[in-house]
Amino acid sequence: MKKEKHTGFRNEKLFCFHCGESQVMPVPIRIEMATAIMKAFEKLHRNCEKTWIEPVNDPYSKTEMENERWWMVHGEHGISSKTIFNHLSSFNRLENKYEGFPHDPSDFRRCYLLLKACPHFKTRLHRMKTVNPTWANLIDNWDRLTEMLEEQIKTRQPNGMYEFMNSLGT
């Protein structure tokens, strides 16, 4: 019986969702080389035991700064979640000035997880409206998008969220 693949990308690195090991993917890189590196990483980890557990934050037992640090170390990052972090964090901004918005439910999920890890950002979320018109549309519909994401997570079925996001300009 063939084992299910358990490697992929997490926070811009190759990642094994069984053992938690990661490897930086050098960029820029030719497609052929990237494919070879990904195949080698997958082969290296094909027999890993499931020992890695997704880190969980208890945001209500920490300060705002501690929650922000926790997300920087343990959270799932994407351009859109880094954009929120850069605009709403009160300390130690990330290196690059991010302006990206979530383009699909996976991107939105990373933003959702950031707000779970840093709940104080929820009261500041309206500030994202000034980034660009797409962010303004997303923020105006944030509660609906959150409901749709939670439904997708629960049912594991598409529910029109991607199409709704596209109608908002993503």
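Just above, that's the structure.
The paragraphs below set out a description of the structure included in this document. (Residues numbered from 1 in each chain as written. Predicted model: local features only at pLDDT ≥ 70, side-chain atom pairs only at ≥ 80, totals over all residues. Heavy atoms only, no water.)

A count of helices and strands for the chain gives seven helices and three strands. When the helices and strands of the chain are read in sequence order from the N terminus, they spell out β-β-β-α-α-α-α-α-α-α. Structurally, the chain occupies a C-alpha span of about 45 × 35 × 35 Å along its principal axes. Counting all 170 residues of the chain, 41% fall into the buried class. Charge-centre separation for the chain: the mean point of 25 positive side chains lies 4 Å from the mean point of 22 negative side chains. (Helix = DSSP H or I, 4+ residues; strand = E, 2+ residues; numbered from the N terminus. Buried < 20%, exposed > 50% of the residue type's maximum accessible area, 1.4 Å probe, protein only. Lys, Arg positive; Asp, Glu negative; His and termini not counted. Charge placed at Lys NZ, Arg CZ, Asp CG, Glu CD.)

Here we take up the nonpolar core. Ranked by internal contacts, the top residues of the largest apolar core, which has 27 residues, are I84, F108, F121, M128, W135 and W142. When residues of this core are traced back to their parent elements, those giving at least two are α2 (64–74), α3 (79–88), α4 (105–117), α5 (133–140), α6 (142–155) and α7 (161–167). The biggest single contributor to this core is α4, with six residues. In this structure M128 touches T83, I84, H87, L88, W135 and I139, once residues within four positions along its chain are discounted. With seven residues, the next largest nonpolar core counts M25, I37, F41 and C48 among its residues. (Core = buried A, V, L, I, M, F, W, Y, C linked by side-chain atoms within 4.5 Å. Contact = heavy atoms within 4.5 Å.)

Right, let's talk about α6 for a bit. Given a rise of 1.5 Å per residue, 14 residues ought to cover 20 Å, and the 20 Å separating the end C-alpha atoms of α6 matches this to within 8%. Buried residues of α6: W142, L145, T146, M148, L149 and Q152, and no others. The buried residues of α6 occupy an angular sector of 165° when projected down its axis, which confines them to one face. More than 90 degrees from the buried face of α6, the exposed residues found are D143 and K154. Those residues of α6 that are buried are in contact with α3, α4, α5 and α7. (Expected span 1.5 Å × (residues − 1). Arc of directions from axis to C-beta.)

Throughout the structure, instances matching the rule amount to nine salt bridges. The shortest N-O distance in the salt bridge between K82 and E12 comes to 2.9 Å. Taken as a pair, K82 in helix α3 and E12 in the loop between β1 (7–10) and β2 (13–16) lie far apart in primary sequence, 70 residues in all. The class of K82 is buried, set by a relative accessible area of 9%. A salt bridge links R144 to E147; its shortest N-O distance comes to 3.6 Å. Of this pair, R144 and E147 are both found in helix α6, three residues apart, which corresponds to roughly one turn of the helix. Judged by its relative accessible area of 40%, R144 is partly exposed. (Salt bridge = Lys/Arg side-chain N within 4 Å of Asp/Glu carboxyl O.)

Spatially, the three strands line up as an open sheet ordered β1-β2-β3, and their pairing is antiparallel. What marks the edges here is a single partner per strand, and that holds for β1 and β3 (22–24). Taken over all neighbouring pairs, the strand axes of this sheet differ in orientation by 30° on average, direction set aside. Here three bridges tie β2 to β3, and the two strands are oriented antiparallel to one another. Each bridged residue has a counterpart across the sheet, and for L14 the counterpart in β3 is Q23. (Pairing = 2+ DSSP bridges. Axes fitted to C-alpha atoms, helices over the stretch in contact; angles between N-to-C directions.)

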